[in-house]
Amino acid sequence: MDFNYSEEQQMLRDSIGKYLEKSYDFDARQKLVRGEAPWSAEAWQQFAEFGLLALPFSEEQGGLGGSISDCVAFAELFGKHLVIEPYTSAVMLAGAALAASGEAAAQDTFAKVIGGEAVVAFAFEEGHGTPSPAHITMTAAVEGAGCVLSGEKRLVIAGADADALVVAARNGEGGAPALFLVEAGAAGLGSRAYRTIDGRSAADIRFDHVKATALDLLATALDDIVARAIIVQCAEAVGAMGALCAITTEYAMTRKQFGVPIATFQAIAHRLADMKIAYCKARASLLYTTALAQGGAASQRDIAILKAQCGKLGRAIGEAAIQTHGGVGTTDELSVGHYHKRLIACDAMFGDHAYHFRKIGAG
Amino acid sequence: MNIDFAPELEAFRANVAEFFATAPTPAIREAGRKTTSVFAPFKECMEWHRLLFEKGWVAPHWPKEHGGTGWSVEQRFIFAEEYRKADLPPLLAQSLGMVGPLLIDLGTAEQKARYLPGILSGDDFWAQGYSEPNSGSDLASLSCRAEPDGDDYIINGSKIWTTYAHHANRMFMLVRTSNEGKKQQGITFLLLDRTDYPGMTIRPIIGLDGFPEQCEVFFEDVRVPQSGRVGAENEGWSVAKHLLTHERGVSSGMSPTLMRYCQRARQAAAATHSPFGGMLADDPVFQRELGELEADIASLGHFEKLAISGHEVVHDPAFPSINKTMASELTQRASTVMTQVSGVGGLARQLEALRVGSNVEPLGSEFDLISMPLYLNSRATTIYAGSNEVQRDLIARSLAGA
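Trainee: I tried to follow the overall build of chain A on my own but got confused; where do I start?
Mentor: Helices and strands together make up the secondary structure of chain A, namely 11 helices and nine strands. Its C-alpha atoms give chain A a radius of gyration of 21 Å, near enough to 21 Å, the size a compact globule of 363 residues would have. Its C-alpha atoms give chain A principal-axis dimensions of about 75 × 45 × 40 Å. Looking at chain A as a whole, 54% of its 363 residues qualify as buried. When contacts within chain A are restricted to residue pairs at least 6 apart in sequence, long-range pairs at least 24 apart make up 74% of them.

Trainee: Please clarify how the overall build of chain B should be interpreted in this entry.
Mentor: When helices and strands are counted, chain B shows 13 helices and eight strands. Its C-alpha radius of gyration of 22 Å places chain B within 12% of the 21 Å reference for a compact globule of 402 residues. Taking the principal axes of the C-alpha coordinates as reference, chain B spans close to 75 × 50 × 50 Å. Each of the 402 residues in chain B was classed as buried or not, and the buried ones make up 49%.

Trainee: Sorry, what's going on with the domain arrangement of chain B here?
Mentor: Interfaces are frequently sized by the accessible area removed from exposure as the parts join. All names here are of chain B. Structurally, chain B comprises domain 1 (7-91), domain 2 (126-234) and domain 3 (253-401). For domain 1 and domain 3, the distance between their C-alpha centroids amounts to 21 Å. For the side of domain 1 that touches domain 3, the secondary-structure elements that each account for two or more residues are α2 (26-33) and α4 (73-85). Broken down by class, the residue content of the side of domain 1 that touches domain 3 amounts to seven nonpolar, two polar and seven charged.

Trainee: Where do I start with helix α9 (residues 300-325) of chain A in this structure?
Mentor: Relative to the 38 Å expected for 26 residues at 1.5 Å per residue, α9 of chain A spans 37 Å between its end C-alpha atoms, a close match to the ideal helical length. Burial runs high along α9 of chain A: 21 of the 26 residues are buried.

Trainee: It is not clear to me how the domain arrangement of chain A should be interpreted in this structure. Could you clarify?
Mentor: Residue and element names in this part refer to chain A. Split into domains, chain A comes out as domain 1 (7-86 + 104-115), domain 2 (120-218) and domain 3 (221-361). If you look at the interface, domain 2 gives 11 residues, while domain 3 gives 14 residues. For the side of domain 2 that touches domain 3, a count of residues per class yields seven nonpolar, three polar and one charged.

Trainee: Is there a simple way to think about unusual backbone geometry in this case?
Mentor: Both trends apply: most residues other than glycine have a negative phi, and most peptide bonds are in trans. Phi at Phe350 of chain A takes a positive value of approximately 60°, unusual for a residue other than glycine. Along the chain, Phe350 of chain A turns up in the loop between α10 (335-348) and α11 (353-361). Among the residues examined, Phe350 of chain A registers 25 C-beta atoms within 10 Å and is labelled buried. For Asp221 of chain B, which is not glycine, the phi torsion reads 50° and is therefore positive.

Trainee: Explanation requested: the pairing of strand β4 (residues 164-171) of chain A in the structure shown.
Mentor: Across a regular strand the side chains alternate sides, sitting on one face of the sheet and then on the other. All names here are of chain A. In terms of burial, β4 is a largely internal element, six of the eight residues being buried. Judged from the four bridges that link them, strand β1 (residues 120-123) and β4 form a sheet pairing that is parallel. Residue Val120 lies in a different strand from β4, and its bridge partner there is Ala164. Pairing analysis gives two bridges linking strand β2 (residues 139-143) to β4, with the strands arranged parallel. Paired with Ala140 across the strands is Asn171, a residue of β4. Pairing between β4 and strand β5 (residues 177-183): seven bridges, direction antiparallel. When the sheet's bridge partners are listed, Ala168 is paired in β5 with Leu179. Hairpin geometry of β4 and β5 is characterised by an intervening segment of five residues between the two adjacent antiparallel strands and by a positive phi of about 80° at Gly172.

Trainee: Sorry, what's going on with the interface of chain B and chain A here?
Mentor: At the junction of the two partners, chain B supplies 37 residues and chain A supplies 37 residues. For the side of chain B that touches chain A, the secondary structure elements donating two or more residues are α4, α9 (284-308), α10 (319-342) and α13 (388-401) of chain B. If you tally residues by element for the side of chain B that touches chain A, the top one is α9 of chain B, at 16 residues.

Trainee: Hey, could you run me through the environment of Ala396 of chain B in this one?
Mentor: Inspection of the secondary structure assignment puts Ala396 of chain B in helix α13. The spatial distance from the C-alpha of Ala396 of chain B to the C-alpha of Gln111 of chain B is 37 Å, given a sequence separation of 285 residues. Those residues in contact with Ala396 of chain B, other than ones at most four positions away along the chain, are Ala269, His270, Leu272 and Ala273 of chain A.

Trainee: Help me understand the nonpolar core, please; the structure alone is not making it clear to me.
Mentor: Ala97, Val120, Ala121, Val166, Val167, Phe180 and Met241 of chain A are the most contacted members of the largest nonpolar core, which has 179 residues in total. When residues in this core are grouped by element, the largest group, 19 residues, is from helix α7 (residues 219-254) of chain A. Among all residues touching Phe180 of chain A, those that are not within four sequence positions of it are Ala140, Leu149, Val167, Ala169, Ala212, Thr213, Ala214 and Leu215 of chain A. Counting 63 residues, the second-largest nonpolar core is a separate cluster that includes Val16, Trp48, Ala168 and Val217 of chain B.

Trainee: Could you clarify how one ought to interpret the packing of α7 of chain A against α10 of chain A in this entry?
Mentor: Packed helices, taken two at a time, are described by the angle between their axes plus the distance between the axes. Residue and element names in this part refer to chain A. At a minimum axis separation of 10 Å, α7 and α10 run at an interaxial angle of 155°. Taken as axis vectors, α7 and α10 run roughly antiparallel relative to one another. Read as a crossing pair, α7 and α10 show a hand that is left-handed. Contacts from Gln233, Glu236, Ala237, Ala240, Met241, Ala243, Leu244 and Ile247 in α7 reach Ser335, Val336, Tyr339, Arg342, Leu343 and Cys346 in α10. Here the contact of α7 with α10 is composed, by residue class, of 10 nonpolar, two polar and two charged.

Each value, and the rule that gives it
Residues numbered from 1 in each chain as written. Chains lettered and ligands numbered in written order. Predicted model: local features only at pLDDT ≥ 70, side-chain atom pairs only at ≥ 80, totals over all residues. Helix = DSSP H or I, 4+ residues; strand = E, 2+ residues; numbered from the N terminus. Rg over C-alpha atoms; globule rule 2.2 N^0.38 Å. Buried ≥ 20, exposed ≤ 12 C-beta atoms within 10 Å, placed from the backbone. Contact = placed C-beta atoms within 7 Å. Domains from an automatic or database assignment. Nonpolar A, V, L, I, M, F, W, Y, C, P; charged D, E, K, R; others polar. Expected span 1.5 Å × (residues − 1). Pairing = 2+ DSSP bridges. Core = buried A, V, L, I, M, F, W, Y, C linked by C-beta atoms within 7 Å. Axes fitted to C-alpha atoms, helices over the stretch in contact; angles between N-to-C directions. Parallel < 35°, antiparallel > 145°, perpendicular 65-115°, else oblique. Left-handed = near helix turned anticlockwise from the far one by under 90°.

Here's what the structure looks like:
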């Protein structure tokens, strides 16, 4: 049993960490969020050069043959730096769906995704907030030689900016959930774009008889793709939690009230201790579940445990960080609240902690 | 990163499960099912200890040359998982987990030769004499005094919360040998060869659950040889701190036991009607609560696995405090959920039915028999071994050094 990052993974973390320290500090990130562009095209290009866009895919697929632990290794840093680029959606979800499909159109688009020439969004959510494809109601109807999609998708990360969409819908009335490829300019698409509370570009998208190509994936493939994406999203959350613990501890040791650092008050000291305990739990579950998944042994329950713990513990750490910072913690100027918003978003997407706890408790 | 899933490990699992299915006597099994504390019923626990010793499996965490098994981390976890599945009594930590590893590291050649064999075989059981009536969380303020006299020490004072001292034939303890300097500086670590020295009195204390688990030990001019000292005189505090590091490697930790409690709670809930209709196990609120508990126990298990594999978490100076805080609070939460499932079924006081070999049929189920004693006993878990308030102080202090 070994839960350490390998030397190669450590080197990857070092180089990406250096890049983010230099080019993606909090001020730079806030400029991005306030700007017109949905994210930094330059950062995305840099991720392509680091090989991150091709990393999770096998060499036969044209990827670099990286493992889930490779992705977790750098995704923690994405969380630490509050990266707003749509890595999980475009690479772990849409990219993985395209890679698994034998369709020519999917293969063409996939090649552009890993080359950094195209961004594909993943249109899955319909408002239930669960990872389960069982809740999908959008239905694909056969029309001529192809099929058409009608309905609405919500919280499509990068949905208004992507070159194409991978859409989850049922194969005909009452059919099994399946994935479809839609071109961004297709007739019948109507987007309402917005930023999420954690600074990412997203859209709610209406589909009105939109032409689509079926991606012919196995039903279990969708579950596996979502499970891997959840692990990476949790790695981001754990990275954000670690940053919050460090920032808050530092603040409590320097901020003085009543003539002494506030960390000397036991109520504050114990809150810092609880943040550390929560972080230890979340990170242990992240590393263990990643190692399980790498060995092909992570069950749905294992994934649910990781997701639930990161959701609950992330919220708790975020709230404790704001409280410890006092008034300044409630402002937009400080990173603390932005970390908290990222953690809330990570909790809400693909099933919040309450949903997963109940699934776990049902046995 | 990797976890070994080699097929040989499944053969190992089958081998372990086979032993657990066949070796324990009915009394040992009964003791396992009736364990309502981290301390199992003494007599049967030690019988089981001796059987494991004969098998060579009594101390998986010890170095192989001293009687350990030489197993991989995966094997140790498989062993722990199968152990819990079989509901067998956990072995007592004071001997195998505390004084044994301490002597391996810091004992003299004579001390090792004299004491390690009895610790391994289970012929000896060691009590831990640390706390005193006026020195609980502030352990370093202890005042039980040892005066040098020739080759001996004369001990005067008392110890309290000395678990199973009434069953112990040996004892390790902290005594005050000097009042000079800082309070930590005048402490000495002593091994007591016997617990029936003239002047030594042991008084069991009845706990909330109705059982005499803890004791008070009184010393009145008790003469013990200085050859029982570990480390130098007045340097016992660092010996005690070293011992603490062994709690890191004692076993696979608490999570397998706690997960087992959750399974038992789910089984019991499946046979319990909900006042809202249907069975309790299908109640969404119950599922939500049990799921939250199980997820938290799973995280503790992941943390324990990281630690036992040698991951850097184990080198964090706050590790023992983090581990203790998590494990104790989850023990309380698990037993709370158990009492909720039992409901009024947990209110009967059933000390006789709980006694191994009493042949008294419990009122209600065996689950109802143990849930309340477990809950009551677990109130101590956040108090002993350094209260959780002290643990949080230590964690916070370690952040200052980080």
